[in-house]
Each structure stands twice: as C-alpha cells, then as structure tokens.
Amino acid sequence: MKYTVAVVGGGVIGLSIAWRTAARGFSVTMYDPDPGHGASWVAGGMLAPTAEAYHGEEGVLRFGLASRARYPSFVAELEEDAGRDAGYTEQGTLLVARDADDAAEIRRLFDLQQAMGLPAEWRTSSELRRLEPALARTVRGGVWMPLDHQVDNRRLIKALCAACSTRGVCFERQSAVEVTSSSVRLSSGELSRADHVVVATGANPSVVMDDGALVTLPVRPVKGQILRLRSVAAAVCPSHTVRGLGIYVIPRSDGEIVVGATSEEKGFDTTVTAGAVMDLLRDAWELVPGIAEAELVEAKAGLRPGTPDNLPIIGRVGCEGSGPIVAVGHYRHGILFAPLTAELVTGLLTDSSTSEHTELLKLCEPARFEAREVRG
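### Comments concerning the overall build of the protein
Working step 1: When its secondary structure is counted, the protein shows nine helices and 23 strands.
Working step 2: The C-alpha radius of gyration computed for the protein amounts to 21 Å, which stays within 12% of the reference 21 Å derived for 376 residues, consistent with globular compactness.
Working step 3: Taken along the three principal axes of its C-alpha coordinates, the protein extends 65 × 40 × 40 Å.
Working step 4: Among the 376 residues that make up the protein, the fraction classed as buried is 55%.
Working step 5: Across the protein, contacts joining residues at least 24 apart in sequence account for 75% of those joining residues at least 6 apart.
Working step 6: Entry remark: accessible area of the protein is about 15300 Å², with carbon and sulfur atoms responsible for 50%.
Working step 7: In the protein, 38 side chains carry a positive charge and 47 a negative one; their mean positions are 2 Å apart.

Below, the structure is given as structure tokens:
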C-alpha cells in the first residue's frame, strides 16, 4: 500500500515537494486553488547566492549554495519527467555600479565575497562593457559572478506541473483552512485524511494544529513589484543577468526582459503603483539604456514569505515534532531553494536524511520561532 501525502500550497516549493515525493512512490494530493500562480509566477528566477551574500546571513548563503549545486541534476530529471524545457541557463551575473557611491558599496560586497571564498571577479568599466555590450557607457565597474545563474520561473512552474501529472499527483483545486499531521480541512468544509501533511503555503496564512493547539510561525508577506518587457534587438536585451544596487535586469531566451523588484512591507496588498514602475524603469535604464526601446508587457506584484532571519522554516512542528511538516518562509529565494527544500522534506518523509540534511534542517528548524496556543 502506498503512503499518502497531502501537500498544501502549490507554489514552486509545494510543486517541487509533490513531484519529488510522488517520484519516491508516495500517493500525493496537492491542495491549491490555482497551482503555480502565486508569488512563484511573479518571481525573477535568479539563482544568485553569491550576489546576495550579506553580513549576518551566513546560513542563507550556505543553504543557497547547496541548493544551487543541485540545480543541474534537478532540472535534468524534471525535464525528463515533464517532457518540456524548464528554462534553466548558465550565462552568469554582473553586479554593476551606476556611480561612485555604488562602486564603493559594491567593492565592500566584493571584499565580503572574497573573504567567504566565493567565485567573484572584480571588473573595470571597460571590461564589463566588453563582456556585456548592452551596459551603459557610464557604469563604474563591478563584479562578474560566473556561477550565479537563472531559471525562467514560469517555464519552471509549467514543467513542475507537468512532471507532477506524469508522476500521478492529484490536484485538488481548493484552499485548506486548517491542517494537522494527518488531515486537511478544505474551504468546502470537507475533511481529507493523509498519512503525512506538508504545509507549503508561502506568505498565505494557514491554521496549523497539533494536539489541539494552534502552532504559529512568524511568516509575513513582503510585497515585490516586477516588470516584464520584450525585445529581440541585441542592443536592447543584455546577454547576462545585470544587477545593480536595488535593481536587476534578467534576459530570457525568447526576448523577454524581467526588471525588478521592489521590497515593501505592505501586508497583503498586491497593487501595482505608478511610482514603483517609474523607479524600476529608471534604475534599469541607467544600467541598460536600450530597454527604453523595449515593449512593456506586464507589471505585477507578488508576496514573498519573509521570516525574521530570512531563512526558511522547514521541519515538523508541534510538541516533539508530532505535527505536520512545514516548508514555508523562503522569502526572496523560493526558486533558488526549491531543489534542496524538496530533498529535505522527502528525506523526512522517507527517514533517509543524511548528515548534511540534518545540519541544514537545524538551521531551518521551526522550533526557533514556534509558538503554541491551546484552543478550547
């Protein structure tokens, strides 16, 4: 008899978990009204732990490097199951200074990268422009990070949905209003049972219960506004991901250009604002002037699931780990962290965690935040 797994939440994390667990022989049901069309659909898709190495976030960096190393095999297996391209490319990333102040800040980031032994190389303005001709003539130097790659988040999501279907995952297009270690209460009122329950609801609130107590975790929505442009002209579309301080420009193979993203503490507001669009386009134009000729095709806002320490929350909740498994709070790294998160959750479900898994799960354990409130 197959063990049953209920995965609550159909973003990149939930889809990756559902696919991986179904491939290990579990009978998997996913609960989400519109799988793949939350924050994961709005994301940029950068796989860039080197570019986002910050003081005080060594755990985030370690998790990101470990997950990035898994991406090539993750994508190869995914594309085989899905029968379609997942949009993964390895063209590298440039972190570019627009002015002298930017150059000083990026030099400090580069020194940190060097101290951490990360693959990063300082390049002069002329060297940067030889590497990426689409850059503005006014750029003031920056860092070349050859191992910071990208994936087209929407192709990835479509591939995950297809791979889940190939592996027999059942999609139940309803929201869950309450979960325990062995049940999911749906918005229709129906109670669905499972041997294991995994909560991967991103920034969306979910009621997680354990032995009559409400388990609360500090996951908050962080609004991010992002733009999508389109151009097939070489002078407009860069050939590498170009980052500045607070801005990124990501080229896709089909001529799409992704520009993002804001970071706003606005609760569950997903309004696209004129000011944010103006700021994003101006900042991107200062790095890649040719985008002024691109067609603006989309402006959207998504909600990143933030935590107090920017690390995800992964593991069993409740007294002595008796509650459901949670995999939430991936903040701006959901696409990057997906392969490793799915591997960790699958290890918990199959009792096959390695020593590396144990160490990484310790970084992300729910107990560091978990609060309980007994309900009468």
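### Section: the nonpolar core
Working step 1: The biggest cluster of nonpolar side chains holds 51 residues, and the ones touching the most others in it are Tyr-71, Leu-78 and Leu-156.
Working step 2: Taken together, the elements giving at least two residues each to this core come down to strand S1 (4-8), helix H1 (12-23), strand S2 (27-31), helix H3 (58-82), helix H6 (153-166), strand S22 (325-328), helix H8 (334-350) and helix H9 (355-363).
Working step 3: A total of nine residues in this core trace back to one element, the largest contributor, which is H8.
Working step 4: Apart from the residues lying within four places of it in its own chain, the contact partners of Leu-156 are Val-12, Tyr-71, Phe-74, Leu-78, Ala-86, Val-151 and Ile-335.
Working step 5: Counting 24 residues, the second-largest nonpolar core is a separate cluster that includes Leu-135, Trp-144, Leu-227 and Val-236.

### So, the packing of aromatic side chains
Working step 1: Overall, the coordinates contain five aromatic pairs when judged by the stated rule.
Working step 2: Among the aromatic residues, those joined into a ring-pair cluster are Trp-19, Tyr-71, Phe-74 and Tyr-88.
Working step 3: Here the basic side chain of Arg-107 rests over the ring of Trp-122, its NZ or CZ set 3.9 Å away from the ring centre.

### Observations concerning the pattern of salt bridges
Working step 1: Under the counting rule described, the total for this entry stands at 28 salt bridges.
Working step 2: The partner of Lys-223 in a salt bridge is Asp-269, with the nearest N and O atoms 2.8 Å apart. Here the residue Lys-223 occupies a position in strand S16 (residues 220-230), and Asp-269 occupies one in the loop between strand S19 (256-260) and helix H7 (274-287), the gap between them amounting to 46 residues.
Working step 3: Given the relative accessible area of 1%, Lys-223 is considered buried.
Working step 4: A salt bridge links Arg-282 to Asp-283; the nearest nitrogen and oxygen atoms lie 3.3 Å apart.
Working step 5: When its relative accessible area of 39% is taken as the criterion, Arg-282 is described as partly exposed.
Working step 6: On the basis of relative accessibility, which here comes to 15%, the residue Asp-283 falls in the buried class.
Working step 7: The structure contains a network of salt bridges with shared partners spanning Asp-85, Asp-152, Arg-154, Arg-155, Arg-228, Arg-230, Arg-252, Glu-256 and Glu-298.

### Considering the sheet that holds S19
Working step 1: Strands sit in the order S6-S7-S5-S17-S18-S19-S16-S20 across an open sheet of eight strands; the sheet is mixed. Of all strands in the sheet, those bounded by a partner on one side alone are strand S6 (121-123) and strand S20 (295-306). Each strand of the sheet is rotated relative to its neighbour by a mean of 20 degrees, with strand direction disregarded.
Working step 2: Looking at chain direction, strand S18 (residues 247-251) and S19 are connected through four bridges and run antiparallel.

Cut-offs used in this document
Residues numbered from 1 in each chain as written. Predicted model: local features only at pLDDT ≥ 70, side-chain atom pairs only at ≥ 80, totals over all residues. Heavy atoms only, no water. Helix = DSSP H or I, 4+ residues; strand = E, 2+ residues; numbered from the N terminus. Rg over C-alpha atoms; globule rule 2.2 N^0.38 Å. Buried < 20%, exposed > 50% of the residue type's maximum accessible area, 1.4 Å probe, protein only. Contact = heavy atoms within 4.5 Å. Areas by Shrake-Rupley, 256 points an atom, 1.4 Å probe, with all protein chains shown as cover. Lys, Arg positive; Asp, Glu negative; His and termini not counted. Charge placed at Lys NZ, Arg CZ, Asp CG, Glu CD. Core = buried A, V, L, I, M, F, W, Y, C linked by side-chain atoms within 4.5 Å. Phe/Tyr/Trp six-rings, centres within 6.5 Å; stacked < 30°, edge-to-face > 60°. Lys NZ or Arg CZ within 6 Å of the ring centre and 35° of its normal. Salt bridge = Lys/Arg side-chain N within 4 Å of Asp/Glu carboxyl O. Pairing = 2+ DSSP bridges. Axes fitted to C-alpha atoms, helices over the stretch in contact; angles between N-to-C directions.

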